[in-house]
Amino acid sequence: MDIFSKIAAGEIPSYKCAESEKFYAFLDINPVSKGHTLVIPRREVDYIFDMEDEEIGEFQQFAKQVALALRKVFGCRKVAQVVLGLEVPHAHIHLIPMNTEADVDFRREKKQFPSEEMQQIADAVYREFLALKD
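These remarks concern the structure in this document. (Residues numbered from 1 in each chain as written. Predicted model: local features only at pLDDT ≥ 70, side-chain atom pairs only at ≥ 80, totals over all residues. Heavy atoms only, no water.)

In this structure, V39, M51, F62, V66 and L95 are the most contacted members of the largest nonpolar core, which totals 28 residues. Among the elements that make up this core, the one with the highest residue count is helix α2 (residues 53-74) (8 residues). Excluding residues that lie within four positions of it along the chain, M51 makes contacts with F23, P41, R43, V45, I56, F59 and A91. Within the second largest apolar cluster, 8 residues are counted, among which are F4, A8, F26 and V88. (Core = buried A, V, L, I, M, F, W, Y, C linked by side-chain atoms within 4.5 Å. Buried < 20%, exposed > 50% of the residue type's maximum accessible area, 1.4 Å probe, protein only. Helix = DSSP H or I, 4+ residues; strand = E, 2+ residues; numbered from the N terminus. Contact = heavy atoms within 4.5 Å.)

The following block contains the structure:
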């Protein structure tokens, strides 16, 4: 079981932003900006394009709902979607609230936020995510 699967299973603590039977979203602990969220399939698959067509469609729909919640919470212009990363062998999407392209610069020094603030952000996104489903 890889680290992202352990996070989705609750074996490793995370700041949960959204979840479904098939997918899980949580705040990145090394964010490039406030609200930087990772969206993963619960099923272990290394490469996003190894996912079945139906599954990748559902994955994008789930990510869209998380992005809508992030946009509502942060009042940002857009939410960037970035698919990159070789350090964890588990497909994932980065969702990053942005007002400028500089907000999505992965070369910048990573941000740090107090755990209380991270939890408040995750809770707010989760509430918005649930409200969108109603």
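This next bit is on the packing of α2 against helix α3 (residues 115-133). Interhelical geometry of α2 versus α3 gives an angle of 120° and a closest axis separation of 8 Å. Comparing the axis directions of α2 and α3 gives the class oblique. Regarding α2 and α3, the two cross each other, and that crossing is right-handed. Taking contact as the criterion, the partners of F62, Q65, V66, L68, A69, L70, K72, V73 and F74 in α2 are, on α3, I121, A124, V125, E128, F129 and L132. Its residues placed into classes, the contact of α2 with α3 shows 12 nonpolar, 1 polar and 2 charged. (Axes fitted to C-alpha atoms, helices over the stretch in contact; angles between N-to-C directions. Parallel < 35°, antiparallel > 145°, perpendicular 65-115°, else oblique. Left-handed = near helix turned anticlockwise from the far one by under 90°. Nonpolar A, V, L, I, M, F, W, Y, C, P; charged D, E, K, R; others polar.)

Residue position: D2 is located in the segment before α1 (3-8). Using a relative accessible area of 13% as the deciding quantity, one classes D2 as buried. Those residues in contact with D2 that sit more than four places away from it in its chain are E44, P89 and H90. Only 2.9 Å separates the side chain of D2 from the backbone nitrogen of F4, close enough to count as a polar contact. (Polar contact = N/O pair within 3.5 Å; in protein donor to acceptor, adjacent residues only side chain to side chain.)

Attention shifts here to α3. Here α3 contains 19 residues, and its C-alpha end-to-end distance of 27 Å stays within 8% of the 27 Å for a straight helix at 1.5 Å per residue. Among all positions in α3, only M118, I121, A122, A124, V125 and F129 are buried. Along the axis of α3, the buried residues cluster in a sector spanning 160°; they form a single face. Exposed residues on α3 whose side chains face more than 90 degrees from its buried face are E116, Q120 and R127. Residues of α3 that are buried in the fold lie against β1 (16-19), β2 (23-27) and α2. (Expected span 1.5 Å × (residues − 1). Arc of directions from axis to C-beta.)

Along the chain, T37 turns up in strand β3 (residues 37-41). Of the polar contacts made by the side chain of T37, one reaches the backbone oxygen of G35; its length is 2.7 Å.

Right, let's talk about the side chain of E55 for a bit. Considering the arrangement of structural elements, one finds E55 in helix α2. According to the relative accessible area criterion, E55 is buried, its value standing at 15%. Apart from the residues within four sequence positions on either side, E55 is in contact with F23, P41 and R43.

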